[in-house]
Every structure is written in C-alpha cells, then in structure tokens.
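Observations on chain architecture
Each chain is listed here by its residues.
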Amino acid sequence: MAKRVLVTGAAGFLGSHLCDALLSEGCSVVGVDNFCTGDRANLAHLKTEPRFEFVEADITKPFDLGKIDYLFNFASPASPVDYTRLGVETLLVGSAGTLNTLELARKYEAEYLHASTSECYGDPEVHPQVETYWGRVNPIGPRSVYDEAKRFSEATVMAYHRYYKVNTHLVRIFNTYGPRLQKNDGRVISNLLIQALSGGPLTVYGDGSQTRSFCYVSDLIDGIMRLSKSGEALPVNIGNPVEWTILECAREVLKVTGGTSEIIFKDLPIDDPTRRRPDITKAKTLLGWEPTVSLNEGLKLSIEYFRNASRVSA
Ligand code: UDP
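Residues numbered from 1 in each chain as written. Predicted model: local features only at pLDDT ≥ 70, side-chain atom pairs only at ≥ 80, totals over all residues. Heavy atoms only, no water.

**Section: the site of the ligand**
Around the ligand there are 16 residues in total, and Asn191, Thr203, Tyr205, Arg212 and Asp272 lie nearest to it. Here an oxygen atom of the ligand sits 2.9 Å away from a polar atom, N or O, in the side chain of Asn175. At 2.9 Å from an oxygen atom of the ligand is found a side-chain nitrogen or oxygen belonging to Gln210. Summarising the interface, the protein chains cover 95% of the accessible area of the ligand, which totals 520 Å² for the free molecule. Those elements that provide at least two residues to the shell around the ligand are α5 (188-198) and β8 (202-205). Among the elements that make up the shell around the ligand, the one with the highest residue count is β8 (three residues). Class assignment for the residues of the shell around the ligand results in six nonpolar, five polar and five charged. (Near = heavy atom within 4 Å. Polar contact = N/O pair within 3.5 Å; in protein donor to acceptor, adjacent residues only side chain to side chain. Areas by Shrake-Rupley, 256 points an atom, 1.4 Å probe, with all protein chains shown as cover. Helix = DSSP H or I, 4+ residues; strand = E, 2+ residues; numbered from the N terminus. Nonpolar A, V, L, I, M, F, W, Y, C, P; charged D, E, K, R; others polar.)

Structure follows, in structure tokens:
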C-alpha cells in the first residue's frame, strides 16, 4: 500500500517541490502550512490531485491529522530577511514545532526527516564544511533565532532517535534556488535575478568577496529523497560544492539574463558568513548522490519564473 506522508511547510519553496516528488513516487501526501512565509500558488497545481490533501495549521500547537508513515519537517521561515522579521515565530517553529512533529512520528511509528541547514556551521573555520564540524554560531546575534532553532531541532531529533528509537534523518541544506523561491524574501539569487530582469541595479552586500555554493532545487530534492530511504540518522550535507563569490554570482546572473544593469554595493548584514561550501563526500558515498545542474544552467531554468515575478513587482 502506498505510504501516507505528512509534509510541514508544504506551501514553501522546498516543501512544495518535496510534495511533488513524493506524489510522483506514488505516496499520498498531507501538506501542512500556516502561510507565514509559504504561498498558496506553490500548491495550486495540486488542487485536482486526489492523493494530495492540504491542511492549514500552525505546527507550534499540538496537532494530529491521523496515521502517517513518514513525516518531512520543512516548516520554518528560511531567508535572513524573513527569519529576522519573524524572530520569535522562527524560534517557536524550530523548538515547539519540531517537538510536536516528533511526537507524531513517535505515536505513529513513522519515519522522520528534518530540514536542517548549513547555518548550523555559522561562520565556519573549517572549509569546506564536513558534517563532523560543530560550527561557529553567534548565539545572540540577529541570525541566532534561525541558527539556534535549527541546532536545537537537530539535538531534539537526535534525542528522539536515541531515547525513543524514532527512525530519523537530518539533512543539512546549503543555499538552494529555483522556481517557487519567494520573490521578496531578500535572498541573493532572487534579488539578483529580479533586478537583472527588470533592469535595476544589482545589489551586492559588502565587497562581494563572501562565498556561497548554490544548489538547483531538483538536485536538492533528489538528494533528500535518497536520504529519506537510507538508514542514516546522523546529519548529511546536501548542496552544490561549487563555490562562488557573491560578486562572481552577480556577474553570472548578468551573463545568463543578458542584463546590462550596474552592480552597486550595500552594507554587509551583521554576522553574514564569510564562506560556505559543503563537503559532500558523505552524500556521494552513502547515497550515490551529487548535483548535476550548474549555476549557469540552473539560472537559465529559473528565468521564466523570475521574469513573471519581476513583472508582478514592477
Ligand atoms: N546578498 C547580496 N545581495 C542581495 C542579497 C544577499 O550580496 O541582494 C548576499 C548576502 O549578504 C550573503 C549572500 O548574498 O552574503 C547570500 O545571502 P542570502 O540572503 O541569499 O542567504 P544566506 O546564505 O546569507 O543565508
């Protein structure tokens, strides 16, 4: 019999792509979201899908939608602009929300996969970042509402695994982009693409020498699906190991869009990590996974979605 899977954060960027992947594997999916940063439009194409059910709910309050076989916990504001705006909500979803969802997994003996993050590494001294690195996170800075909530979640997931024998998985997600990324959440790829497509200046924070490694959404979902079927409970990095300075990334966006905008420099946000690059040796060996879409190709695949976005915001 096909599995009944619960996805929290189902109306979000990754949650909605995950729902699609699970449905295409024959699962029945129950999506939950409170639309604090999610968007109904991300699920609009599933309106007539009989195996998809949507429930509007806030997972920081206990909830129970019946027996499930698997739970993917993807609910949280995720861009620096959103989680600093919604600081307390972010702390709550990453603490009470994680506990509530783990209780459901425990009750129904469901498997559980939690969306963790490269932010667990903070501003890292170890480069590229391996899963065994404990990180360097400022516990009281503006990013702490997200970073510490995600670190608390990892501790909680491991505790349910150790004490209650819940079959859990932790994916540490690095910067990801593609269609359905929120248009106004201030992230670098969405900002740069919308700016380039609408002819406005491209905003680079600081001198643009800080680095990130950008994974296209289809690669990321493939990695997560593989991890969900593995026996691994310890964290696994999923991300694209090709590292870009933000300035190089802005130039790549101009190249792909054919844009001629100027690049302007703005203040670097507090505690903005200086570098980020996943060591994906574990994912390669354990899951036989590695990304296949380059930044150039991924940006091309994203243009249409962001072109519509730049029209709407213009
Ligand atoms: N950034 C930028 N211009 C923008 C938005 C972001 O230069 O319009 C920078 C930001 O300071 C950071 C990097 O791009 O160094 C990635 O930022 P994002 O908000 O996408 O995610 P983060 O990796 O910081 O969580």
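**Thoughts on the side chain of Ser116**
Mapped onto the secondary structure, Ser116 falls in strand β5 (residues 111-117). In this structure, Ser116 is in contact with Lys150, Glu154, Val171, Arg172 and Ile173, ignoring residues within four places of it in sequence. (Contact = heavy atoms within 4.5 Å.)

**Structural notes on the packing of α5 against helix α7 (residues 246-257)**
Look at α5 against α7: their axes get within 10 Å of each other, and the N-to-C directions meet at 40 degrees. Here α7 runs oblique to α5, going by the angle between their axes. By crossing handedness, the relation of α5 to α7 is classed as right-handed. Contact with α5, carried on its side by Val188, Ile189, Leu192, Leu193, Ala196 and Leu197, involves Ile246, Cys249, Ala250, Val253, Leu254 and Thr257 of α7 and no other residues of that element. Residue composition of the contact of α5 with α7, by class: 11 nonpolar, one polar and no charged. (Axes fitted to C-alpha atoms, helices over the stretch in contact; angles between N-to-C directions. Parallel < 35°, antiparallel > 145°, perpendicular 65-115°, else oblique. Left-handed = near helix turned anticlockwise from the far one by under 90°.)

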